[in-house]
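Next come the chains, spelled out residue by residue.
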Amino acid sequence: MVKLTINGLPVAVEDGTTILEAAQAAGIFIPHLCYLKGINNIGACRICSVEVEGELSLVPSCNTAVRDGMKVITNSPRVRSACRTNLMLIMSQHEGRCSLCDRSGTCQLQKLTNDYDFYENLYVTDLPTDKDRMWVKDFPLIRDPAKCIKCMRCIQVCDKIQSVGVWDLMATGGRTRVDVSGHRSIDKAECTLCGQCIVHCPVGALRERKDASRVLSAIDDPNMVTVVQIAPAVRTAWGESLGLTPEEATVNHLAGALKQLGFDYVFDTSFSADLTIMEEASELLSRLTKGELSQYPMFTSCCPAWVRFVKSRYPELVGQLSTAKSPQQMFGSVIKSYFAERIGVPPEKICCVSVMPCVAKKSECDLSTMRDEYGVQDVDYVLTTREILKMLKLSDIKPEDVEAAPFDRIMGDYSGAGVIFGTTGGVMEAALRTASYMITGKNPSVGAFGFVRSGHSKDYPWYDAAFTIGDSKVNVAVTSGLSNADALCQAILRGQVKYDFVEIMSCPGGCANGGGQPFHIDDIERGVSRGKVLRRIDEDMDLRFSHENHDVQKLYDDMLEKPLSELAEKLLHTDHCAWDMPNDCN
């Protein structure tokens with residue numbers, strides 16, 4: 001152990017620990033902007049500089065290792081003066097119109113300037129020109145360079161966590177800026193729209209495209225029936241900014257709030273997650289039986305960011321994606337066919353809205369392949385968790401005070417298997433539960449496929465297992481984060497590993513850690529804790545298997561007949577090669 005003092009307080013930490021980490025362990029706050037543990041330790045902002053006895057200059061605490069006997073001061077006049085100067089320099093190149101910024105109230109820079117009583121800047125403002133601020137405004141991800149503080153978090157997250165490389169530094173010296181790599185416009189880049197750059201940006205330089213005003217217009221239209229679905233992962237996070245625990249912020253309280261907002265019908269996407277499992281498990285068994293998985297596995301396709309990634313990076317694997325639509329799109333397709341017929345409303349008079357923890361879902365619902373033969377979209381608009389919370393605030397609806405409401409019938413039933421879609425391994429576990437039933441005719445124990453909860457192997461960044469179901473042996477793998485997915489795909493293509501079924505989620509930890517989840521002013525990763533919420537909900541439910549969902553069974557009895565039927569293929573499946581991505585299979 002290394003022993004040192006920080007502000008006179010004795011501290012003992014492991015060798016190799018940075019000053020910033022040692023201070024955090026001792027409960028001492030050192031301000032910082034660019035630092036992300038293990039991802040961005042470059043000391044670019046210099047906000048975290050501290051005084052070390054014996055050192056002539058201040059040192060950045062984020063990348064300076066502790067040493068025995070070190071004496072650190074984090075709040076001396078010299079440190080405070082340097083931090084204030086660095087804040088002024090950053091603010092001279094930052095458009096400080098906080099009231100117009102998406103991150104107002106959750107912005108780390110705003111908090112620091114407030115803490116330092118920042119009311120004037122001694123440095124000349126130098127903002128990007130209008131030409132430099134040009135952007136593809138209908139793209140689901142929006143960037144404003146006038147708010148960028150060049151912390152390079154987005155670059156490092158996109159490179160190290162996602163292996164996509166959308167962002168890069170342009171020019172040199174005082175003209176250095178962050179922009180889309182290769183001097184491309186964002187719609188020509190291989191951006192997967194995972195949104196991890198958005199949630200890791202400490203300021204408001206990155207955000208999702210806002211669609212709330214169009215949704216409100218649909219709600220206000222007396223000739224339009226509005227239907228909203230809530231994704232499983234949303235229930236884990238929507239109460240965070242309201243100071244509510246997951247036990248207090250139930251999905252039924254959110255359903256009640258959405259009813260009060262004016263939606264005519266409110267449903268849980270967990271219903272269509274169960275429907276997805278019926279189709280996907282059937283497809284898996286069909287492809288196994290036909291020998292179509294002898295070389296490469298079938299991959300899940302419910303994560304649109306992963307689909308965008310594989311189309312751009314590994315076109316030879318696109319044909320291995322499950323053709324089943326995502327739960328979001330299946331829901332929309334069924335709403336505008338089966339549900340529309342039941343309530344006697346033409347599909348074009350139904351506005352279907354999704355509340356998702358995801359930015360890529362905005363792109364998915366706009367795909368030409370996600371429409372019926374008359375051009376009617378399955379899903380009309382996608383709102384992130386952040387957007388729906390702002391809509392409720394705008395309407396002065398306090399979800400914590402709203403009475404919990406049940407989901408509407410016809411498509412209101414769902415299982416715990418549908419709920420765990422929102423965490424890594426959940427799709428795999430749900431699919432194996434139902435695939436086992438389809439093979440053996442009886443339910444497995446609900447913990448039979450719990451290996452997927454274990455994270456990843458010590459030897460490689462994914463987790464795998466082999467199961468014997470009936471007379472069939474099934475080899476499966478699970479991972480999340482596109483860097484991990486990249487490594488897994490390479491291993492599969494090189495023949496180093498052989499699997500039958502693979503689940504991939506683009507966001508580390510799955511949808512619970514999605515790019516559309518609420519902002520926080522700290523750097524705490526909440527994906528694991530949110531995922532545990534979904535696991536607990538599954539464990540507490542009486543209904544644990546997708547194939548036992550009564551509303552799904554009735555849907556097949558009334559209209560679809562059976563999984564993979566001709567009508568099911570038409571409504572619930574898609575062609576992943578029928579739309580374009582840069583460098584994709586076309």
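Each remark here, short or long, concerns the structure printed above.
Remember, predicted model here, so these are calculated numbers, not experimental data.

Looking at this structure, I do not really get the pattern of salt bridges. What am I missing?
Side chains that carry opposite charge are capable of pairing whenever their charged atoms lie near each other. Applying the stated criterion across every chain yields a total of 43 salt bridges. The partner of Asp 144 in a salt bridge is Arg 133, and the shortest N-O contact between them spans 3.0 Å. Here the residue Asp 144 occupies a position in the loop between β6 (141–143) and α4 (153–161), and Arg 133 occupies one in the loop between α3 (108–115) and β6, the gap between them amounting to 11 residues. Given a relative accessible area of 24%, Arg 133 falls into the partly exposed group. When the shortest N-O distance is used, the salt bridge between Asp 558 and Arg 342 registers 3.5 Å. Taken together, the positions of Asp 558 in helix α17 (residues 550–560) and Arg 342 in helix α10 (residues 327–343) put the pair 216 residues apart, joining distant regions of the chain. According to the relative accessible area criterion, Asp 558 is partly exposed, its value standing at 35%. Sharing partners across several salt bridges, the network here consists of Arg 209, Asp 211, Arg 214, Lys 362, Asp 366 and Glu 387.

Can you help me understand a nonpolar patch on the surface in this one?
A cluster of nonpolar residues, Leu 89, Leu 122 and Tyr 123, forms a patch on the protein surface that exposes about 300 Å² of accessible area. On the secondary structure map, Leu 89 appears in helix α2 (residues 77–91).

Sorry if this is basic, but what is going on with the sheet that holds strand β5 (residues 71–73) here?
The strands that make up a sheet pair up through hydrogen bonds in the backbone, lying either parallel or antiparallel. Pairing within the open sheet is mixed, and its five strands lie in the order β2-β1-β5-β3-β4. The sheet terminates laterally at β2 (9–13) and β4 (59–60), the two strands that pair on one side only. Where strand β1 (residues 2–6) lies against β2, five bridges are found, and the strand directions are antiparallel. When the sheet's bridge partners are listed, Ile 6 is paired in β2 with Leu 9.

Before we go on, may I ask you to explain the packing of α2 against α3 in this structure?
In a pair of packed helices, the angle between the axes and the distance between the axes together describe the arrangement. Taken N-terminus to C-terminus, the directions of α2 and α3 make an angle of 135°; their axes are 11 Å apart at the nearest point. If you check the angle between α2 and α3, you find them oblique. Read as a crossing pair, α2 and α3 show a hand that is left-handed. Residues Leu 87, Ile 90 and Met 91 of α2 form the contact with α3, whose own contacting residues are Leu 109, Leu 112 and Thr 113. Its residues placed into classes, the contact of α2 with α3 shows five nonpolar, one polar and no charged.

Got a minute to help me understand the nonpolar core in this structure?
As a rule of thumb, soluble globular proteins bury nonpolar side chains together. In this structure, Trp 167, Leu 258 and Trp 306 are the most contacted members of the largest nonpolar core, which totals 157 residues. The element that contributes the greatest number of residues to this core is α10, accounting for seven residues. Not counting residues within four places of it along the chain, the set of residues in contact with Trp 306 comprises Phe 299, Thr 300, Leu 321, Leu 482, Ala 485, Cys 489, Ile 504 and Ser 506. In this structure, Tyr 35, Val 66, Met 70 and Val 72 belong to the second largest nonpolar core, which totals 20 residues.

About the thresholds
- Residues numbered from 1 in each chain as written.
- Predicted model: local features only at pLDDT ≥ 70, side-chain atom pairs only at ≥ 80, totals over all residues.
- Heavy atoms only, no water.
- Salt bridge = Lys/Arg side-chain N within 4 Å of Asp/Glu carboxyl O.
- Helix = DSSP H or I, 4+ residues; strand = E, 2+ residues; numbered from the N terminus.
- Buried < 20%, exposed > 50% of the residue type's maximum accessible area, 1.4 Å probe, protein only.
- Patch = residues over 30% accessible without salt bridge, like charges linked within 9 Å, V, L, I, M, F, W, Y side chains within 5 Å.
- Areas by Shrake-Rupley, 256 points an atom, 1.4 Å probe, with all protein chains shown as cover.
- Pairing = 2+ DSSP bridges.
- Axes fitted to C-alpha atoms, helices over the stretch in contact; angles between N-to-C directions.
- Parallel < 35°, antiparallel > 145°, perpendicular 65-115°, else oblique.
- Left-handed = near helix turned anticlockwise from the far one by under 90°.
- Contact = heavy atoms within 4.5 Å.
- Nonpolar A, V, L, I, M, F, W, Y, C, P; charged D, E, K, R; others polar.
- Core = buried A, V, L, I, M, F, W, Y, C linked by side-chain atoms within 4.5 Å.

Worth remembering: the numbers are spatial, not functional.
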